[in-house]
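Coordinate inspection notes
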Amino acid sequence: MSLKSWNEVPLGGVILEAGNAKEYKTGDWRSQRPVVDKEKCINCLTCFIFCPDSAIKVENGIMIGYDYDFCKGCGICANECPKKCITMKPEADFR
Amino acid sequence: MSTATIKKIKKALTGNEAGAEAMRQIDPDVAAVFPITPQTELMHAFAAFVADGKVGTELVTVESEHSAMSATVGAAAAGARAMTATSANGLALMWEIVNICSAMRLPVVMPVINRAISGPLNIHCDHSDMMGSRDTGWIQIFSENSQEEYDNIIQAVRIAENPNVLLPVMVGSDGFIISHALETVEIYEDAEVKEFVGEYTPDRTLLNTGKPMTYGPLDLQDYYMEHKMAEHNAIHNAGKVILEIGKEFGKKFGTEYGFFDTYKMEDAEYAIICIGSTAGTTRVVVDKMRAEGKKVGLIKIRVFRPFPFKELAEAVKNLKGLAVLDRADTFGGRGGPLYIEMKSALSDVKEKPVTRNFIYGLGGRDINTTDIETIYNQIEETVKTGKGAESFSYFGVRGDV
Ligand code: SF4
Ligand code: SF4
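Residues numbered from 1 in each chain as written. Chains lettered and ligands numbered in written order. Predicted model: local features only at pLDDT ≥ 70, side-chain atom pairs only at ≥ 80, totals over all residues. Heavy atoms only, no water.

Within chain B, the secondary structure is distributed over 13 helices and 15 strands. Taking 2.2 N^0.38 as the reference for a compact globule, 401 residues should give roughly 21 Å; the C-alpha atoms of chain B span a radius of gyration of 21 Å, in line with that estimate. In terms of overall dimensions, chain B has C-alpha extents of about 70 × 55 × 40 Å along its principal axes. Within chain B, residue pairs in contact and separated by at least 24 positions form 80% of the contacts whose partners lie at least 6 positions apart. When the 41 positive and 54 negative side-chain charges of chain B are each reduced to one mean point, those points stand 5 Å apart. (Helix = DSSP H or I, 4+ residues; strand = E, 2+ residues; numbered from the N terminus. Rg over C-alpha atoms; globule rule 2.2 N^0.38 Å. Contact = heavy atoms within 4.5 Å. Lys, Arg positive; Asp, Glu negative; His and termini not counted. Charge placed at Lys NZ, Arg CZ, Asp CG, Glu CD.)

The next point concerns the interface of chain A and chain B. Every contact between the two is made by 15 residues of chain A and, on the other side, 18 residues of chain B. Overall, the association of chain A and chain B removes approximately 1500 Å² of surface from exposure, summing both partners, and the carbon and sulfur fraction of that is 68%. Here chain A is connected to chain B by 0 salt bridges. Seen at the junction of chain A and chain B, the total is 3 residue pairs in polar contact (both at pLDDT 80 or more). Looking at side-chain class alone, the side of chain A that touches chain B contains 10 nonpolar, 4 polar and 1 charged residues. (Buried area = accessible area lost by both parts, 1.4 Å probe. Salt bridge = Lys/Arg side-chain N within 4 Å of Asp/Glu carboxyl O. Polar contact = N/O pair within 3.5 Å; in protein donor to acceptor, adjacent residues only side chain to side chain. Nonpolar A, V, L, I, M, F, W, Y, C, P; charged D, E, K, R; others polar.)

All names here are of chain B. Per the stated rule, a full pass over the model turns up 11 aromatic pairs over all chains. Each ring, one from tyrosine 150 and one from tyrosine 188, has its centre 5.4 Å from the other, and the planes form 45°; the classification is tilted. Linking tyrosine 150 in helix 7 (residues 146-161) with tyrosine 188 in strand 8 (residues 183-188), this pair joins segments that are 38 residues apart in sequence. For the pair phenylalanine 196 and phenylalanine 253, a centre-to-centre distance of 5.6 Å together with 65° between the ring planes defines the contact as edge-to-face. (Phe/Tyr/Trp six-rings, centres within 6.5 Å; stacked < 30°, edge-to-face > 60°.)

What follows concerns the site of ligand 1. What surrounds ligand 1 is the set A:Pro34, A:Cys51, A:Pro52, A:Ile56, A:Tyr66, A:Cys71, A:Lys72, A:Gly73, A:Cys74, A:Gly75, A:Ile76 and A:Cys77. Here the shell around ligand 1 is composed, by residue class, of 9 nonpolar, 2 polar and 1 charged. (Near = heavy atom within 4 Å.)

Now for the sheet that holds strand 9 (residues 260-263) of chain B. Backbone-to-backbone hydrogen bonds pair the strands of a sheet. The strands run either parallel or antiparallel. Residues and elements named next belong to chain B. Taken together, the 6 strands give an open sheet; going across it, the order is 9-11-10-13-14-15, and neighbouring strands pair in mixed fashion. Of all the strands in the sheet, the pair left with one neighbour each is strand 9 and strand 15 (392-394). Strand after strand, the sheet turns through a mean of 20° between neighbouring axes, direction not considered. With 3 bridges joining them, strand 14 (residues 354-359) and strand 15 adopt parallel strand pairing. The partner of isoleucine 359 across the bridge, within strand 15, is tyrosine 394. (Pairing = 2+ DSSP bridges. Axes fitted to C-alpha atoms, helices over the stretch in contact; angles between N-to-C directions.)

A few words on the packing of helix 1 (residues 15-26) of chain B against helix 8 (residues 190-197) of chain B. Residue and element names in this part refer to chain B. One way to put it is that helix 1 packs onto helix 8 with a least axis distance of 9 Å and a crossing angle of 70°. By the criterion of interaxial angle, the relationship of helix 1 to helix 8 is roughly perpendicular. Residues Arg24, Gln25 and Ile26 of helix 1 pack against Asp190, Val193, Lys194 and Val197 of helix 8. Here the residues of the contact of helix 1 with helix 8 are counted per class, giving 3 nonpolar, 1 polar and 3 charged. (Parallel < 35°, antiparallel > 145°, perpendicular 65-115°, else oblique.)

Quick look at helix 9 (residues 224-253) of chain B now. Residues and elements named next belong to chain B. Taking 1.5 Å per residue as the helical rise, helix 9 with its 30 residues ought to reach 44 Å, and the 41 Å between its terminal C-alpha atoms agrees with that figure. A bend of about 30° at glycine 239 is the largest found in helix 9. With its phi angle positive at about 105°, glycine 254 sits one or two positions after the end of helix 9. (Expected span 1.5 Å × (residues − 1). Bend = angle between axes of the 7 residues up to and from the residue.)

Residues and elements named next belong to chain B. Taken domain by domain, chain B comprises domain 1 (3-253) and domain 2 (260-394). A separation of 28 Å is found between the C-alpha centroids of domain 1 and domain 2. Of the residues lining the interface, 27 residues belong to domain 1; the matching set on domain 2 comes to 23 residues. Counting across the interface, domain 1 meets domain 2 through 4 salt bridges. One can count 16 residue pairs in polar contact (both at pLDDT 80 or more) joining domain 1 with domain 2. Listing elements by their share of the side of domain 1 that touches domain 2, those giving two or more residues are helix 6 (128-132), strand 6 (139-142), helix 7 and helix 9. (Domains from an automatic or database assignment.)

Turning our attention to the packing of helix 8 of chain B against helix 9 of chain B. Residues and elements named next belong to chain B. With their axes 12 Å apart at the nearest point, helix 8 and helix 9 run at an angle of 155° to one another. The angle between helix 8 and helix 9 falls in the class roughly antiparallel. Relative to helix 9, helix 8 is oriented so that their crossing is right-handed. Residue-level contacts link Glu192, Val193, Glu195 and Phe196 of helix 8 to Ile245, Glu248, Phe249, Lys252 and Phe253 of helix 9. (Left-handed = near helix turned anticlockwise from the far one by under 90°.)

All names here are of chain B. Quantified by volume, the second largest pocket comes out at close to 700 Å³. Considering the residues around the second largest pocket, the lining is formed by 26 residues, among which Ser102, Ala103, Thr136, Lys228 and Glu231 are closest to the centre. When residues of the lining of the second largest pocket are traced back to their parent elements, those giving at least two are helix 5 (95-103) and helix 9. Considering every element that reaches the lining of the second largest pocket, the biggest residue donor is helix 9, with 7 residues. Taken together, the residues of the lining of the second largest pocket break down into 9 nonpolar, 10 polar and 7 charged. Counting only domains with at least three residues in the lining of the second largest pocket, you end up with domain 1 (3-253) and domain 2 (260-394). (1 Å grid on protein atoms, 1.4 Å probe; cavity = no way out; pocket = protein on both sides within 12 Å on 5 of 7 lines; lining within 4 Å. Points joined across faces, edges and corners; volume = space filled by probe spheres on them.)

Structure follows, in C-alpha cells:
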C-alpha cells in the first residue's frame, strides 16, 4: 500500500470510507507468530473461541490455520489450547 | 472607503454585550455554555436571546469547559456552525479538546475574554490565557475595544469557514477593561451581517448518512506528521484569507482590518508594539508626545496566529527603538510571547531597531498614560545609552528589576 502525502490525506485525519478498518492489517504488530501442529490438534476450536481478533481460520468444523493479516500474536490461543499444540515463534524467523 | 449605504445603529454596550450581539446576528446552530468570570455575561446575554426566541441556536449547558469544547467539537463535526466562549482557567481546562478541534479542522469560533491564569487566583485582565494556547493551531485575533470585538467575531466566522482555512478562531478581548466597560458600539443591521457571514455548508459532516465518515480515529507514525503538515500549512496560508476578509469587511461596513494597526508610524523613531486595550491608552500618549515634538508611534497587533512576522519586520525596521509590551510571561523564555516573536521576526532583517521588552499589566494591574510615557522615554534612553538594550523585565513591579 503506497502512503499518501500531506496534501493528499483527508483534512483533519478524517476517514472518508465506511468500514475500511479491514484494510488496516493489524498483523503488522505481531512479534510472535502462532504455529499449529495439526498432528496433535483435536479440532476442539478452543483457540477459535478465545482469539480476540477472529484470526483462527475454520472450515467445516476443522481448524485449518491462521489469518496472519490480522493475528497480532498475543499468544492467547497457544495458552488456551488443551493439547498445547500451538507454539509461539519469533516473527523474525519467517522474514 | 466606507459604503455609506450600510445603516449603523449606535448602542451603549459592554464588550460582553457586543460579543453577544455578534453571536445573535451570526445565529450559530449550537452554542455550548459554561460560566467563567469575566466571560459569563457574554453567554448570559446570548442565553437571553435564545430564551426570547431571537436566535435558533441549540444552547447546550454543560458541566465544565472541557465539556463545553467537547460539545462544540461534536456539534461542529456533525456539521453545525458551533460556538462557545471562555476565559483563563476555562480555556486551560478545555485545552485538551482545543487542540483536537484544530487538528480536526473544525471552524469553531470562540470569544475569549482575556484573564490572568491562576495562580495565584486572579480574575482580572492579562493575556496569559490565550498566550498559553498560542501553539494549539487556532487562529488568534485580539481586539482593542468592544467595537473591534464585535467586528472580529463576525469576521472570525468567515475566516474559520473559508475552505482554504478550516481552522478554529479565538477572538480575544481584555477582561473587564473591555468586557465590562460600557462603550458606544456601532451595530450593523441583522440582514447585512447575515449576508456577510453567509450560510455554512460544510462538505464533511458526521450526520450525512449518505457519506459516512469517521472523525478522530487513531493516527500513528505513518500519517500523524502528514496531518500536522496540512495543519501547519493551513494556518500559515490563513493570513491571505484574513486580509481578504478584512478588506471585504471594510468595503461593506466601513472599517478595514489587517494583521495589525499602525498609528503615526510613518516617520516614527520610537514605537511601542502592544496587544489589546493598552493600544487605546498608548494612542493618547502618542498624540501628547507628538505635540511635544517627539517622533513616537504605535503598532497594535490584531492577529497573533498566524504571526505576521514579515510584515511586522518591515513595519519596524526603520525605527531607532522599539518597546515591546507583553501582558504575559513565558517563564524561562527570552521575554514575553510577543517579544520572542518580534525578536525572531527581526532576525530576518539587517537594519533593526534597539528593542526592549516590558512585561506589564499582569493580573489586571493598571497601565496608564504616565506609564506609557515612561516606557517611551525609557526606550529612547536605552537607544541613547545602550542600557537595557535587548533586555526583558517586569514594568511597574515593586523592588529592583
Ligand atoms: S496469537 Fe492471538 S491473535 Fe493470533 S491467532 Fe492466537 S489468539 Fe488469535
Ligand atoms: S485449541 Fe488447540 S487443539 Fe483445539 S482447535 Fe485449536 S489448535 Fe486445535
